[in-house]
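So you can see what is in the structure, the chains are spelled out below.
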Amino acid sequence: MRINKNFDNLVPNYLFADVARKTNEFAAAHPEKEIIKLGIGDVTLPLAPVVVDAMKKGCDDLSRKETFKGYPEYEGYDFVREAVAAYYKKSGVDVAADEIFISDGAKSDCGNLGDIFSKDNTVLVTDPVYPVYVDANIMAGRKIVYASSNRDNNFLAMPDENVKADIIYLCSPNNPTGAAYSAEQLKVWVDYANKNNAVILYDAAYEAFITDDSPRSIFAIEGARKCAIELCSLSKTAGFTGTRCGYTVIPKELERDGHNLHALWYRRQATKFNGVSWPVQCAAAAVFSDEGLRQIQNNLNYYRKNAKVISDALDELGIYYTGGKNSPYVWLECPNGMGSWEFFDFLLNNAAVVGTPGEGFGENGKGYFRLTSFGSYEKTLEAIERIKKCLK
Ligand code: PLP
């Protein structure tokens, strides 16, 4: 037998392991110092009460013969899909409930959607990038091209008419840069995709953090229903990183190469996915209830407040950054021309604060750094005071 040799082409990413090792070494050498982690990519606040109640009720249902549930439908229960469709409607986007597939989170579908596309397709990702898009396609043996996000375009890469791509991953608001595309910019991507017969895989995992008029869905853009698939997640929206639930939207009219992509994805899911558990789907539906949407805002506002603490300090220090406004991430240029790892060491040694070196997210991350707002408010304030002190 032979293994999938494409795995040999994966570039080892030691980013988080190296961050952890350096942090542990520092902690061992300086037991008196309290380290504050502003590199956390996971949420820290608990689920909203209405969500927990729904999940508990879902568990109770499983404990009684009359309400017990077995295998769920591959595409999710209708009441959850209807709740998601109604959520889209609130921001003026028409998505039909039967175009929605309930998933166990956006990460799986980011990679799994590749099952319905040929291995010969060229994949375009922006750089810096959420590494899952790259690694999943390297495993499948696809060629990857990079669109440069940099300071000149405010970390919002735009298409190059001379580059031919078949599958395009866009993430807005972006991880790691926090930058969010405007409607005009997304329209350029949609037109490019339609002209090139490409498909956009639009990762909207952070849409709930948007506070200005940036689109919260690619389907707010004219022409997107003919070229785009949207992935979304309740992980950061509602604290589901451990609970696991998301959704993927494939318009019924989306066709490529003589095939309907919604039908192909249904076939794929029916073969390889057995759905999301009843208690989790009950919890997901509760997120989209009026009370659920109100309660999750409390957590979102908490993280937003942290992001503002970080971005206000960078404004004060005159440091260039993106994100922080529509995003839990703040992406900053390392001060005084420092490299990403140099700045990491500087912050750790001088402020006992840990962040994430940008170069772990691609070439264009060199000289940049990611801070996140998922920590506690008090600790974020304290970390920022320390950072200000050592940079002033
Ligand atoms: N997409 C992006 C851009 C992310 O940053 C993450 C998580 O960090 C995910 C998807 C994964 O989401 P989920 O927890 O729903 O799998």
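Here is a short report on the structure shown in this document.

### Quick word on the pairing of strand S5 (residues 167–171)
Burial within S5 is extensive, with 5 of its 5 residues counted as buried. Side chains of S5 alternate between two faces, with Ile167, Tyr169 and Cys171 and Ile168 and Leu170 buried alike. Note: strand S3 (residues 122–127) against S5, 2 bridges, orientation parallel. Bridging from a neighbouring strand, Val123 pairs with Ile167 of S5. Sheet analysis places S5 next to strand S6 (residues 199–203), joined by 5 bridges and oriented parallel. Residue pairing in the sheet places Ile168 in a bridge with Ile200 of S6. In this fold, the crossover linking S5 to S6 by way of helix H6 (residues 183–195) has right-handed handedness.

### Let's talk about the site of the ligand
With respect to spatial proximity, 14 residues lie near the ligand, and among them Asn175, Asp203, Tyr206, Ser233 and Ser235 are the closest. In the environment of the ligand, an oxygen atom lies 2.7 Å from a nitrogen or oxygen atom belonging to the backbone of Ala106. Contacts to the ligand include Tyr206, whose side-chain N or O atom sits 2.6 Å from an oxygen atom. Across the complex, the protein chains shield 91% of the 390 Å² of accessible surface that the ligand would expose by itself. Taken together, the elements giving at least two residues each to the shell around the ligand come down to helix H4 (106–112) and helix H7 (235–238). Taken together, the residues that form the shell around the ligand break down as 6 nonpolar, 4 polar and 4 charged.

### Examining the nonpolar core
Core analysis: the biggest nonpolar cluster contains 70 residues, and Ile168, Ile200, Phe240, Tyr247 and Phe288 have the highest contact counts within it. At 8 residues, helix H9 (residues 278–287) tops the list of elements feeding residues into this core. Leaving out residues up to four positions away in the same chain, Phe288 has contacts with Ala83, Val84, Tyr87, Leu234, Tyr247 and Leu293. Of all hydrophobic cores here, the second largest spans 28 residues; its members include Tyr321, Phe343, Val354 and Leu371.

### Details of the sheet that holds strand S15 (residues 368–372)
Spatially, 4 strands are ordered S11-S12-S15-S14 in an open sheet, and the strand pairing comes out antiparallel. The sheet is open, and its two edges are formed by strand S11 (321–323) and strand S14 (356–357), each paired on a single side.

### Some thoughts on the packing of helix H3 (residues 78–90) against H9
What describes two packed helices is the angle between their axes and the distance between those same axes. The interhelical angle for the contact between H3 and H9, taken along N-to-C directions, is 25 degrees, at an axis separation of 9 Å. In terms of orientation, H3 and H9 fall into the roughly parallel class. Note that H3 runs across H9; the crossing there is left-handed. Two secondary-structure elements touch here, H3 through Phe79, Val80 and Ala83 and H9 through Trp278, Gln281, Cys282, Ala284 and Ala285. Residues belonging to the contact of H3 with H9 are distributed by class as follows: 7 nonpolar, 1 polar and no charged.

### What about the packing of helix H11 (residues 340–351) against helix H12 (residues 377–391)?
The interhelical angle for the contact between H11 and H12, taken along N-to-C directions, is 105 degrees, at an axis separation of 10 Å. Of the possible angle classes, the one that applies to H11 and H12 is roughly perpendicular. Residues Phe343, Phe346, Leu347, Asn350 and Ala351 of H11 pack against Arg386, Ile387, Cys390 and Leu391 of H12. Looking at side-chain class alone, the contact of H11 with H12 contains 7 nonpolar, 1 polar and 1 charged residues.

### Some points on unusual backbone geometry
As a rule of thumb, non-glycine residues mostly have phi less than zero, and peptide bonds are mostly trans rather than cis. Pro128 follows Asp127 through a cis peptide bond whose omega is 10 degrees. Tracing the chain through its elements places Pro128 in the loop between S3 and helix H5 (131–139). At the junction of Asn175 and Pro176, the peptide bond is cis and its omega measures out at 20 degrees in the coordinates. Tracing the chain through its elements places Pro176 in the loop between S5 and H6. Even without glycine at this site, Asn154 takes up a positive phi of about 55 degrees. Structurally, Asn154 is set in the loop between strand S4 (143–148) and S5. Positive phi outside glycine occurs at Asn197, with the angle close to 60 degrees. Residue position: Asn197 is located in the loop between H6 and S6.

The rules behind the values
- Residues numbered from 1 in each chain as written.
- Predicted model: local features only at pLDDT ≥ 70, side-chain atom pairs only at ≥ 80, totals over all residues.
- Heavy atoms only, no water.
- Buried < 20%, exposed > 50% of the residue type's maximum accessible area, 1.4 Å probe, protein only.
- Helix = DSSP H or I, 4+ residues; strand = E, 2+ residues; numbered from the N terminus.
- Pairing = 2+ DSSP bridges.
- Right-handed = clockwise from strand over helix to strand, strands pointing away.
- Near = heavy atom within 4 Å.
- Polar contact = N/O pair within 3.5 Å; in protein donor to acceptor, adjacent residues only side chain to side chain.
- Areas by Shrake-Rupley, 256 points an atom, 1.4 Å probe, with all protein chains shown as cover.
- Nonpolar A, V, L, I, M, F, W, Y, C, P; charged D, E, K, R; others polar.
- Core = buried A, V, L, I, M, F, W, Y, C linked by side-chain atoms within 4.5 Å.
- Contact = heavy atoms within 4.5 Å.
- Axes fitted to C-alpha atoms, helices over the stretch in contact; angles between N-to-C directions.
- Parallel < 35°, antiparallel > 145°, perpendicular 65-115°, else oblique.
- Left-handed = near helix turned anticlockwise from the far one by under 90°.

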